Amino acid sequence: MCSVDPDELTEMVRATDGLDITSGDVLCRKCKEGMAEAVLRGKDPYCRDCFLSYFEHKFRSTIGKSKQIRQGDGVLVAMSGGASSTTLLHLIHSGLTQNSHKRLGFKPAFLHIDESCLYEESDGSANDLASKVCSEVMSLGYTCYVISIQQVMATEITSPSVYTEDWQQTSQHQTNNNNETLKKQLRELLSSCQSDTNRHDLEERLRTTLTLQCAQMLEYKKVFLANNSTTIAIHILSQVAIGRGAHLPYHVHFKTTVEEVEIYHPMREILDNEIRYYMKFHGVTASQTSSRHQHQGTSIIKCTEDFLRGLQAEFPSTIPTVFRTGDKLQLSTNNSLGNSRCSSTLSVRGESEVDHRTNTEVNPKMKLERESCVLCKLPLDTDQGAASALKATQVSLRLSQQVARTGGSQQKHDGKSVASGSANVQVIEEAVKNCGSSKKEVKSSCESGKVSAIEDIEDSCRCSNNTGCCSTRNTSHNTKQDEPFSVDIIEKHVCYGCRILLRDMKDGGLLPSRVLKAVGEQERRSQMRLEIQDFLL
Amino acid sequence: MPIQCSTGCHKNAVLKRPKTGDALCKDCFFWVFEEEVHHTITAAKLFTPDDYVAIAASGGKDSTVLAYIMKLLNDRYNYGLKLVLLSVDEGITGYRDDSLETVKRNEQQYSIPLKIVSYDELYGWTMDRIVEQIGLKNNCTFCGVFRRQALDRGATLLKVDKIVTGHNADDIAETVIMNILRGDIARLQRCTAIVTASEGTIPRSKPFKYTYEKEIVMYAYFKKLDYFSTECIYSPNAYRGYARAFLKDLEKIRSTSIIDVIHSGECFSVRDGVKLPTQGICEQCGHVSSQPVCKACVLLEGLNKGKPRLGLGKTSKIREHLKRNDENLEGVVASDADTHKINIPKTINIKQLDF
């Protein structure tokens, strides 16, 4: 069939030849007096003054029209040292020092996450970045907090320290032997990711988690992130590509709230070429010029960036369009989903159903509150019903790893085969049915090495390979704190995108201990809910 | 040493599934492929027993495999469906007449009756003649707009309950990306729905929504299914091509990207207060349209008036033209409007939908 889109009606306009202002005789389109020094949208010339007032107005109006930032509000500004955040620092500073009525009223403090431990091997300059960024902030008279990225692995939340020249020494003194261990854990965690895409994705999750934790520790209710329009547009498309489309609003909207911290994107309406002009005109340089945050290798994020920037060159409205598309989305609520998706509550609990029949048996009361992903802290998006991409993938995996086909026709395929292959699938199925139907909260606890393949069956009913269900003790193994969680248990409490991360990782035990703690808490809560569900109204 | 089939059937694997990476033997692949489509059909409750279902058949790989598998699953699982093949003849010499031969063979092979509706019958224009008028630049707009309605009209003539189309997972992921790129928020929300229907219209569904294009080709290849694979001779350099190239790049990096994109698409929900186009009814033909006069009528109007570019320009120009037309209608030029009305009978009332 012809695959041409029948609705190819919204034509994207191709780029015309960009306006050339190098000759020096092009006048500003606004004041029609000054000589043009900047070209926006490929064709509009602006003089320096008109550009700067346009630029500052855009920034201030983004904050102003939201009416969210009030006089005296404390705001924690995340400061990577890149072009965007350096410009943000500059904008905030000039906004605060203006003596007119236009003065910005909030009280900023800055936070830099020191990621030197991720790059230490390549060069020793990483440490300098932290001091460079922080001293720049301090020189303007603001407080600058600094924390090392490896603190995300710590068991107890550590408070970021105020930057001093020897912050590293003092903070290391506090957690003396700890620091190296954390570094090692973090590197181990990141190197367990098998693809570049996942490693970059995980780094980003950890960075966000740490920023949130710092805000909570320092008791800041508001956080500024310096993502600009261009990076947000790239983010929109790459998040869609890695299955995180459900959380787009968190990256695009001016204000979002995660774990009671309000996150703002004050730079969201500014394009990166505008930032370049601003920096040029003000003589500002970014501390972080190297492309550290830019992703190398063959990651999806990099691929998306190349694609969008390429398309932008051909169709200048691409990035603004993508940005606006993302801006029109909101977090989907379950009842707003299409009617074709019958609600199935079991899918929240991972692949825990035996077959489709159980879908109908589930008590809808089981899902009372919307859980958050333990890894990225955003709402779970794994409850999309029986006819969904997630469910289809699970069915595919199940089918193509176990086809217990006799006679070739209407055979029910229940459960998963055990990886060793020695087990009789039928026996397990029987066993599972028995414990599944007898009492839901019953857990059999005998484990053998390979149970992971079947432990996601019906409420984690655990069976050994050959013997089927043995003793049915009522003890939940999760109450034991130090017992590691299997990937399947963790998977129940993470969102679609984080599941991809997790599956790639193989060993969920490498995750930050606070994440694992959250798994335990959520797991226990779902157990509790299961026990009392008959009495919930 | 040959790789064993991952299902443990002790046969040698012949392929690696793009969707999961598992190695499968031929028989297990067939089984898995069929079961998955069956799962999609049952999970999304696409049909009810005794439904009369039209399979949109173009002769290409997707629709050929769709026809085959609908027949097979209908027999295996007793869906109780009455099936019919529905083809649209756009009138493109060297492309459509060849692919229609394939559909006619399918009619014999699967013993499903076939109905062909042609642009010539429905609109009085073949694509070849339209291309003569408009050239190769915007011809695909005509073809696409006409085809969508043609399928609905054919379905109405047959009095079917449902239409199934061969759109696969790649198509849907591509559409999600394309709608993000061009900011089409209304379609972005619609395009991941497995069934598109609204009141008074024949529901359309996509049983291959979660099926990879590559696996469809594999299935057709190993089953030695007869299909036609030539690009349309008028095939253009469409904007969709960018989305497709991007998706292919993503797939190279991570083969599950296609499903991941669909998952993202399924999770979208449009913010309150965002204006979506409201769908009304075309004043002229009674099809559902977001404009007072639907696109097909405008395009046709342009063709019949010798102003083929009419429907391609600005909406304001179209309105202007139609307004002038109304005034003229009372006068001498009424004959044109008459032919127009013959072409588009008022009795048919189907929504134009799809992506």
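Residues numbered from 1 in each chain as written. Chains lettered and ligands numbered in written order. Predicted model: local features only at pLDDT ≥ 70, side-chain atom pairs only at ≥ 80, totals over all residues. Heavy atoms only, no water.

This part takes up the overall build of chain B. When helices and strands are counted, chain B shows 14 helices and 11 strands. Within chain B, buried positions represent 61% of all 355 residues. For chain B, contacts bridging at least 24 residues in sequence account for 72% of all contacts bridging at least 6. For chain B, the exposed surface amounts to about 14,300 Å²; the carbon and sulfur share of it is 51%. (Helix = DSSP H or I, 4+ residues; strand = E, 2+ residues; numbered from the N terminus. Buried < 20%, exposed > 50% of the residue type's maximum accessible area, 1.4 Å probe, protein only. Contact = heavy atoms within 4.5 Å. Areas by Shrake-Rupley, 256 points an atom, 1.4 Å probe, with all protein chains shown as cover.)

Residue and element names in this part refer to chain A. Pairing in this open sheet of 7 strands is mixed, and the strands run 6-5-4-3-7-9-8 from one edge to the other. Each edge of the open sheet is held by one strand with a lone partner, namely strand 6 (161–162) and strand 8 (255–258). Across 2 bridges, the pairing between strand 5 (residues 144–148) and strand 6 is antiparallel. By the bridge assignment, Val 146 is partnered in strand 6 with Ser 161. Sheet contacts for helix 2 (residues 83–97): strand 3 (74–78), strand 4 (107–114) and strand 7 (222–224); angle to strand 4, the most-contacted strand, approximately 160°. The strands touched by helix 7 (residues 196–217) within the sheet are strand 3, strand 4, strand 5, strand 7, strand 8 and strand 9 (261–264), with strand 4 carrying the most contacts at an inclination of about 140°. (Pairing = 2+ DSSP bridges. Axes fitted to C-alpha atoms, helices over the stretch in contact; angles between N-to-C directions.)

Take the UniProt feature "domain: Cytoplasmic tRNA 2-thiolation protein 1 C-terminal" (unreviewed entry) in chain B next. UniProt annotation of "domain: Cytoplasmic tRNA 2-thiolation protein 1 C-terminal" (unreviewed entry) refers to residues 281–310 of chain B when read in the numbering used here. With 33% helix and 10% strand, residues 281–310 of chain B has its two end C-alpha atoms placed 20 Å apart. (UniProt positions renumbered as here; feature names shortened; annotations may be inferred.)

Residue and element names in this part refer to chain A. If you trace the backbone, Thr 87 turns up in helix 2. Thr 87 sits 15 residues away from Lys 102 along the chain, and the two C-alpha atoms are 19 Å apart. If near-sequence neighbours (up to four positions away) are discounted, Thr 87 is found in contact with Phe 55, Met 267, Ile 275, Tyr 278 and Met 279.

This paragraph deals with the pattern of salt bridges. All names here are of chain A. Summed over all chains, the structure comprises 43 salt bridges over all chains. The partner of Arg 268 in a salt bridge is Glu 269, with the nearest N and O atoms 3.6 Å apart. Lys 492 serves as the salt-bridge partner of Glu 523, at 3.4 Å between the closest nitrogen and oxygen. In this pair, Glu 523 sits in helix 18 (residues 513–532) while Lys 492 sits in the loop between helix 16 (487–491) and helix 17 (496–505), placing the two residues 31 residues apart along the sequence. Each member of the pair, Glu 523 as well as Lys 492, carries the same accessibility label: buried. Salt bridges here are not isolated pairs; linked through shared partners, they connect Lys 65, Arg 268, Glu 269 and Asp 327. (Salt bridge = Lys/Arg side-chain N within 4 Å of Asp/Glu carboxyl O.)

We now examine the packing of aromatic side chains. Inspection of the entire model under this criterion finds 27 aromatic pairs over all chains. In this structure an aromatic cluster arises from ring pairing among Tyr46(A), Phe51(A), Tyr54(A), Phe55(A), Tyr277(A), Tyr278(A) and Phe281(A). One Lys or Arg, Arg129(B), reaches over the ring of Trp125(B) and ends 4.4 Å from the middle of that ring. One cation-aromatic arrangement involves Lys223(B) over Phe30(B); the distance from NZ or CZ to the ring centre is 4.3 Å. (Phe/Tyr/Trp six-rings, centres within 6.5 Å; stacked < 30°, edge-to-face > 60°. Lys NZ or Arg CZ within 6 Å of the ring centre and 35° of its normal.)

Next up on the list: the interface of chain A and chain B. Of the residues lining the interface, 78 residues belong to chain A; the matching set on chain B comes to 74 residues. Between chain A and chain B, the buried area comes to about 6,600 Å², and carbon and sulfur atoms account for 62% of it. Inspection of the region where chain A meets chain B yields 0 salt bridges. One can count 18 residue pairs in polar contact (both at pLDDT 80 or more) joining chain A with chain B. Those elements that provide at least two residues to the side of chain A that touches chain B are helix 7, helix 8 (229–241), helix 11 (300–314), helix 12 (318–327), strand 10 (329–330), helix 14 (389–401) and helix 17 of chain A. Broken down by element, the residue count for the side of chain A that touches chain B peaks at 10 residues, all from helix 14 of chain A. Here the residues of the side of chain A that touches chain B are counted per class, giving 34 nonpolar, 31 polar and 13 charged. Bridging between strand 10 of chain A and strand 9 (residues 269–270) of chain B involves 2 bridges; their strand directions are antiparallel. Bridging across to strand 9 of chain B, Gln330(A) finds its partner in Ser269(B). (Buried area = accessible area lost by both parts, 1.4 Å probe. Polar contact = N/O pair within 3.5 Å; in protein donor to acceptor, adjacent residues only side chain to side chain. Nonpolar A, V, L, I, M, F, W, Y, C, P; charged D, E, K, R; others polar.)

Now for the sheet that holds strand 8 (residues 204–205) of chain B. Residues and elements named next belong to chain B. Taking strand neighbours across the sheet as the criterion, the 6 strands line up as 5-4-3-6-8-7 in an open arrangement whose pairing is mixed. Of all the strands in the sheet, just strand 5 (114–118) and strand 7 (195–196) have a single pairing partner and so form its edges. For strand 6 (residues 162–164) and strand 8, the ladder comprises 2 bridges, and the chain directions are parallel. Residue pairing in the sheet places Val 164 in a bridge with Ser 205 of strand 8. Across the sheet, helix 3 (residues 96–109) lies against strand 4 (82–89) and strand 5, angled at about 170° from strand 4, the strand it touches most.

A few words now on the packing of helix 7 (residues 169–181) of chain B against helix 11 (residues 257–267) of chain B. Residue and element names in this part refer to chain B. Running from amino to carboxyl end, helix 7 crosses helix 11 at an angle of 55°, the nearest separation of the two axes being 9 Å. Comparing their axes, helix 11 and helix 7 come out oblique. As helix 7 runs across helix 11, the sense of the crossing is left-handed. Contacts between helix 7 and helix 11 involve Ala 169, Asp 170, Ile 172, Ala 173, Val 176 and Ile 177 on the former and, on the latter, Ile 258, Val 261, Ile 262 and Gly 265. (Parallel < 35°, antiparallel > 145°, perpendicular 65-115°, else oblique. Left-handed = near helix turned anticlockwise from the far one by under 90°.)

A few words now on the domain arrangement of chain A. All names here are of chain A. Taken domain by domain, chain A consists of domain 1 (68–327) and domain 2 (340–393 + 463–535). Each side of the interface is counted separately: domain 1 has 29 residues, and domain 2 has 20 residues. Viewed at the interface, domain 2 and domain 1 are joined by 0 salt bridges. Viewed at the interface, domain 2 and domain 1 are joined by 9 residue pairs in polar contact (both at pLDDT 80 or more). Taken together, the elements giving at least two residues each to the side of domain 1 that touches domain 2 come down to helix 6 (176–191) and helix 7. By residue number, the principal contributor to the side of domain 1 that touches domain 2 is helix 7, which donates 8 residues. Across the side of domain 1 that touches domain 2, the residue classes break down as 13 nonpolar, 10 polar and 6 charged. (Domains from an automatic or database assignment.)

All names here are of chain B. You will see that Asp 50, though not glycine, has its phi angle at about 70°, which is positive. Relative to the elements of secondary structure, Asp 50 occurs in the loop between helix 1 (26–43) and strand 3 (52–56). Owing to a relative accessible area of 67%, Asp 50 belongs among the exposed residues under this scheme. One non-glycine residue, Ser 111, lies in positive phi territory at about 40°. Following the sequence through the fold, Ser 111 ends up in the loop between helix 3 and strand 5.

Residues and elements named next belong to chain A. Most of strand 3 sits out of view: 4 of its 5 residues are buried. In this structure, strand 3 lies alongside strand 4, joined through 5 bridges in parallel fashion. The partner of Leu 76 across the bridge, within strand 4, is Ala 109. Sheet analysis places strand 3 next to strand 7, joined by 3 bridges and oriented parallel. Opposite Leu 76, over in strand 7, you have Val 223 as the bridge partner.

It is worth spelling out the nonpolar core at this point. Residue and element names in this part refer to chain A. Core analysis: the largest hydrophobic core is formed by 53 residues, its most contacted members being Leu 76, Leu 186, Leu 202, Leu 375 and Leu 511. In terms of residues, this core owes the most to one element, helix 7, which gives 6 residues. Discounting residues that sit within four places of it in the chain, Leu 375 has contacts with Leu 202, Thr 209, Val 494, Cys 498, Leu 501, Leu 511 and Val 515. (Core = buried A, V, L, I, M, F, W, Y, C linked by side-chain atoms within 4.5 Å.)

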